[in-house]
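# Descriptive analysis of the structure
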2 protein chains.
Amino acid sequence: MKFCSNCGAPVTLKIPPGDTLPRHVCDSCSTIHYQNPKMIVGCIAEWEHRILLCKRAIEPRHGLWTVPAGFMENGETTAQGAARETLEEANARVEIGPLYAMYNIPHINQVYILFRARLLDLEFSAGTESLEVRLFDESEVPWDALAFATVRNTLTHYYADRKAGEYRFHLGTIERAPARS
Amino acid sequence: MKFCSNCGAPVTLKIPPGDTLPRHVCDSCSTIHYQNPKMIVGCIAEWEHRILLCKRAIEPRHGLWTVPAGFMENGETTAQGAARETLEEANARVEIGPLYAMYNIPHINQVYILFRARLLDLEFSAGTESLEVRLFDESEVPWDALAFATVRNTLTHYYADRKAGEYRFHLGTIERAPARS
């Protein structure tokens, strides 16, 4: 951020009076511009013993597989956002169920919020952000080609919970991957 | 938003190619400025059978009572944010426990994320955003002077759960209050 979105004048990074963190503050109109984490909302969409995964047609992680998920929009609930993303990425209609996982990713200012969901019919297809969409049995999950650590962790918990006979809520934090030597 | 925070030129509200919603798009450098919901993180801080509430010294709802909670910051986890807000508003140290409630407030683009927490000592006091901070027994909770619907709903569930002997996670949506006639 270099300019004030309210008046167009330059902004300066400084700690406003009474605050504890540096913010972008307008040199002209004094508006304080806060920046906060964003939510990614999505779901594990189930059809009998299979789940729906999408092969990404966009960066990051083009060509890798993910559960349907994306940035939550203003004016919607977390569950509405998860259903909307599933419709956009997989042209799939779901009934959103219980909250299943919440992952903090503090180094990129994101929080993943994932639900379990029931796929309502088999009329799904790749949306514009997907190359391919299909149902996977546990034995078919492409563990080496999953797009994100959140997806890998969530599906690992999911199959362990299913084996144990009880789905529990999972809360976790994804740390920055160490640099490769 | 009237000006581009990247280059300072005016922005226009329009639907970018491939998108489905209107965004603020820069007339000059074409940067798309997305706006997304914000998270409010906080906790029910417990000390034996009592909980910590803060009387607000700031608007909105100046003079009314709330659990410690505030906007999640970049670079932190939801639990770290809840502990930080408790330290800022009540000078209180807590150990954050399980996720207790998540409330969508779509008409103001907020999601509340509230944990149960254990107050670690009794050396708390009003922070700069609080007029007063104290522990409340259930019989003392100021139900008619609570600041937000989220707080009222959370505490109603909390005491019902306590009576039932089991704390369950609560997910809900706060709708816009109807206009008074």
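The structure under discussion appears in the preceding block.
It should be emphasised that the depicted structure is a prediction, and the values quoted were computed from it without experimental measurement. (Residues numbered from 1 in each chain as written. Chains lettered and ligands numbered in written order. Predicted model: local features only at pLDDT ≥ 70, side-chain atom pairs only at ≥ 80, totals over all residues. Heavy atoms only, no water.)

### Details of the overall build of chain A
A tally of regular secondary structure across chain A gives two helices and 11 strands. Each helix and strand of chain A, placed in order from N terminus to C terminus, yields the pattern β-β-β-β-β-β-β-α-β-β-β-α-β. Reported as C-alpha extents along the three principal axes, the dimensions of chain A are approximately 60 × 35 × 35 Å. Looking at chain A residue by residue over its 181 residues, the buried ones come to 46%. Excluding contacts between residues fewer than 6 apart, the proportion of contacts in chain A whose partners are at least 24 apart in sequence is 59%. Side chains of chain A carry 19 positive and 22 negative charges; the gap between the two charge centres is 6 Å. (Helix = DSSP H or I, 4+ residues; strand = E, 2+ residues; numbered from the N terminus. Buried < 20%, exposed > 50% of the residue type's maximum accessible area, 1.4 Å probe, protein only. Contact = heavy atoms within 4.5 Å. Lys, Arg positive; Asp, Glu negative; His and termini not counted. Charge placed at Lys NZ, Arg CZ, Asp CG, Glu CD.)

### Looking at the layout of surface pockets
All names here are of chain B. Empty space within the second largest pocket amounts to approximately 1200 Å³. Residue lining of the second largest pocket: 43 residues in total, with Ile-40, Arg-56, Ile-58, Pro-60 and Phe-71 positioned closest to the centre. Listing elements by their share of the lining of the second largest pocket, those giving two or more residues are β4 (38-47), β7 (69-71), α1 (78-90), β9 (110-119) and α2 (149-164). Counted by class, the lining of the second largest pocket contains 18 nonpolar, nine polar and 16 charged residues. (1 Å grid on protein atoms, 1.4 Å probe; cavity = no way out; pocket = protein on both sides within 12 Å on 5 of 7 lines; lining within 4 Å. Points joined across faces, edges and corners; volume = space filled by probe spheres on them. Nonpolar A, V, L, I, M, F, W, Y, C, P; charged D, E, K, R; others polar.)

### A few points about the sheet that holds strand β3 (residues 32-33) of chain A
All names here are of chain A. Ordered in space as β1-β2-β3, the three strands form an open sheet in which the pairing is antiparallel. The open sheet has two free edges, formed respectively by β1 (11-14) and β3, since each of these has just one partner strand. Here four bridges tie β1 to strand β2 (residues 23-26), and the two strands are oriented antiparallel to one another. Paired with Lys-14 across the strands is Arg-23, a residue of β2. (Pairing = 2+ DSSP bridges.)

### Looking at unusual backbone geometry
Between Glu59(A) and Pro60(A) the backbone carries a cis peptide bond, its omega angle lying at -5°. Within the secondary structure, Pro60(A) is located in the loop between β5 (50-56) and β6 (65-66). A positive phi angle, near 60°, is found at Asn109(A), a position not held by glycine. Inspection of the secondary structure assignment puts Asn109(A) in the loop between β8 (94-105) and β9 (110-119). We note that Glu48(B) has phi near 50°; this positive angle belongs to a residue other than glycine. Mapped onto the elements, Glu48(B) comes out in the loop between β4 and β5 (50-56).

### Overview of the relation of the copies chain A and chain B
By a simple turn and slide, chain A fits onto chain B: the slide is 0.0 Å along the axis, the RMSD is 0.0 Å, and the turn is 180°. Read as a symmetry element, the transformation amounts to a two-fold axis. (Least-squares fit on C-alpha atoms with pLDDT ≥ 70 in both.)

### A word on the sheet that holds strand β1 (residues 11-14) of chain B
Residues and elements named next belong to chain B. Strand order in this open sheet of three strands is β1-β2-β3, and the pairing throughout is antiparallel. Bordering the open sheet on either side are β1 and β3 (32-33), each of which pairs with just one other strand. Bridging between strand β2 (residues 23-26) and β3 involves two bridges; their strand directions are antiparallel. Bridge assignment links Val-25 to a residue of β3, and that residue is Ile-32.

### As for the pairing of strand β4 (residues 38-47) of chain A
Residues and elements named next belong to chain A. With eight of 10 residues buried, β4 is to be regarded as a mostly interior element. Taken together, the three bridges between β4 and strand β7 (residues 69-71) define a ladder with antiparallel strand orientation. Across the sheet, Ile-40 pairs through a bridge with Phe-71, a residue of β7. Taken together, the two bridges between β4 and β5 define a ladder with antiparallel strand orientation. The residue bridging Glu-46 from the neighbouring strand is Ile-51, located in β5.

### What to know about the pattern of salt bridges
All chains considered together, the criterion is met by 20 salt bridges over all chains. Measuring nitrogen to oxygen at the nearest pair gives 2.8 Å for the salt bridge that ties Arg84(B) to Glu76(B). By the burial criterion, Arg84(B) is buried, and Glu76(B) matches it. One salt bridge connects Arg84(B) with Glu88(B), and the closest N-O pair in it is separated by 3.1 Å. With Arg84(B) and Glu88(B) both in helix α1 and four residues apart, this pair spans about one turn of that helix. Ionic contacts of the salt-bridge type, sharing partners, join the residues Glu76(A), Arg84(A), Glu85(A) and Glu88(A) into one network. (Salt bridge = Lys/Arg side-chain N within 4 Å of Asp/Glu carboxyl O.)

### Looking at helix α1 (residues 78-90) of chain A
All names here are of chain A. Across its 13 residues, α1 extends 18 Å between first and last C-alpha, which sits within 8% of the 18 Å expected from 1.5 Å per residue. Buried within α1 are the following residues: Thr-78, Gly-81, Ala-82, Arg-84, Glu-85, Thr-86, Glu-89 and Ala-90. Backbone geometry just downstream of α1 places Asn-91 in the positive-phi region, at approximately 45°. (Expected span 1.5 Å × (residues − 1).)

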